[in-house]
Amino acid sequence: QVQLVESGGGLVQAGGSLRLSCAASGRTFGSNAMGWFRQAPGKGREFVAAISWSGAITHYADSVKGRFTISRDNAENTVYLQMDSLKPEDTAVYYCAADASRYGSVWSSPRRYDYWGQGTQVTVSS
């Protein structure tokens, strides 16, 4: 059974940093693009960042560009999201996602992803 498990969320003051991790089990994702999404209360799921299978290509939402960094360690079957200069508007549940297609592109639409984690809460206080 495939599982994606996020960790690293929490409460932080504005301007602070957090590092989210997404550990995959049940299969390896070294050949698959992966992404991070978030959902704030009363809002839809929003694209945050995506990374290609090799890590050579990354894509960010404009709202986080320059502040967030996505990376991956295929040997550990783990994807990371380093979040710096956090703002109160970054408050949301953050989800990790994986594309089942091998060597696919980096997608910003949640419909292109087949596996999802349960989410981790990030709260940024002002």
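Data block above holds the structure.
The rules behind these values
- Numbering of residues starts from 1 in each chain and follows the order in which that chain's sequence is written.
- Reporting of local features is limited, given that this is a predicted model, to residues whose pLDDT is at least 70; pairs of side-chain atoms are given and counted only at 80 or more, and all residues count toward the totals for whole chains, interfaces and linings.
- Working from all heavy atoms in the structure, the side-chain values ignore hydrogens and water.
- Pairs of cysteine sulfur atoms within 2.5 Å are identified as disulfides in what follows.
- Note on conventions: DSSP H or I runs of at least 4 residues are helices, E runs of at least 2 residues are strands, and numbering of each starts at the N terminus.
- We call a residue buried when its accessible area falls under 20% of the maximum for its residue type, exposed when it is over 50%, and partly exposed in between, using a 1.4 Å probe and counting protein chains only.
- Here, two residues are considered to be in contact whenever any of their heavy atoms come within 4.5 Å of each other.
- We define the nonpolar core as a collection of buried residues of types Ala, Val, Leu, Ile, Met, Phe, Trp, Tyr and Cys that are connected through side-chain atoms lying within 4.5 Å of one another.
- Here a salt bridge means any side-chain nitrogen of Lys or Arg lying within 4 Å of a carboxyl oxygen belonging to Asp or Glu.
- Strands are labelled as partners when DSSP assigns at least two bridges between them.
- Note on method: axes are straight lines fitted to C-alpha atoms, helices fitted across the in-contact stretch only, with angles between N-to-C directions ranging 0 to 180 degrees.

(A) Local environment of the state of the cysteines. Scanning the model with the defined rule gives one disulfide in all. In this model Cys22 forms its disulfide with Cys96; the gap between the sulfur atoms is 2.0 Å. Sign of the S-S torsion, about -75 degrees for the bond between Cys22 and Cys96, identifies this disulfide as left-handed. Placement of Cys22 in strand β3 (residues 18-25) and of Cys96 in strand β9 (residues 92-102) is noted, with a sequence separation of 74 residues between them. Judged on exposure class, the residue Cys22 and its partner Cys96 are both buried.

(B) The arrangement of the environment of Leu4 in detail. Within the element layout of this structure, Leu4 appears in strand β1 (residues 3-7). The exposure class assigned to Leu4 is buried, which follows from its relative accessible area of 5%. Leu4 sits 21 residues away from Ser25 along the chain, and the two C-alpha atoms are 6.6 Å apart. Beyond its immediate chain neighbours, meaning those up to four positions away, Leu4 contacts Cys22, Ala23, Ala24, Phe29, Met34, Cys96, Ala97, Ala98, Tyr115, Trp116, Gly117 and Gln118.

(C) The arrangement of the nonpolar core in detail. The biggest cluster of nonpolar side chains holds 33 residues, and the ones touching the most others in it are Met34, Trp36, Leu81, Met83 and Tyr94. Looking at this core, the elements that each hand over two or more residues are β3, β4 (32-39), β5 (46-51), β7 (68-73), β8 (78-83), β9 and β11 (120-125).

(D) Fine view of the pattern of salt bridges. What the rule picks out here adds up to four salt bridges. With its nearest N and O atoms 3.1 Å apart, the salt bridge here joins Lys65 to Asp62. Asp90 is the partner of Arg67 in a salt bridge, and the nearest nitrogen-oxygen pair spans 2.8 Å. Here the residue Arg67 occupies a position in the loop between β6 (58-60) and β7, and Asp90 occupies one in the loop between β8 and β9, the gap between them amounting to 23 residues.

(E) Structural view of the sheet that holds β1. Across the sheet, four strands lie side by side as β1-β3-β8-β7; this open sheet has antiparallel pairing. A strand with exactly one partner marks an edge of an open sheet, and here the two such strands are β1 and β7. Sheet twist, expressed as the mean angle between neighbouring strand axes with direction ignored, is 15 degrees. Of the strand pairs in this sheet, β3 and β8 are connected by six bridges, and their pairing is antiparallel. Looking across to β8, one finds that Cys22 is bridged to Val79.

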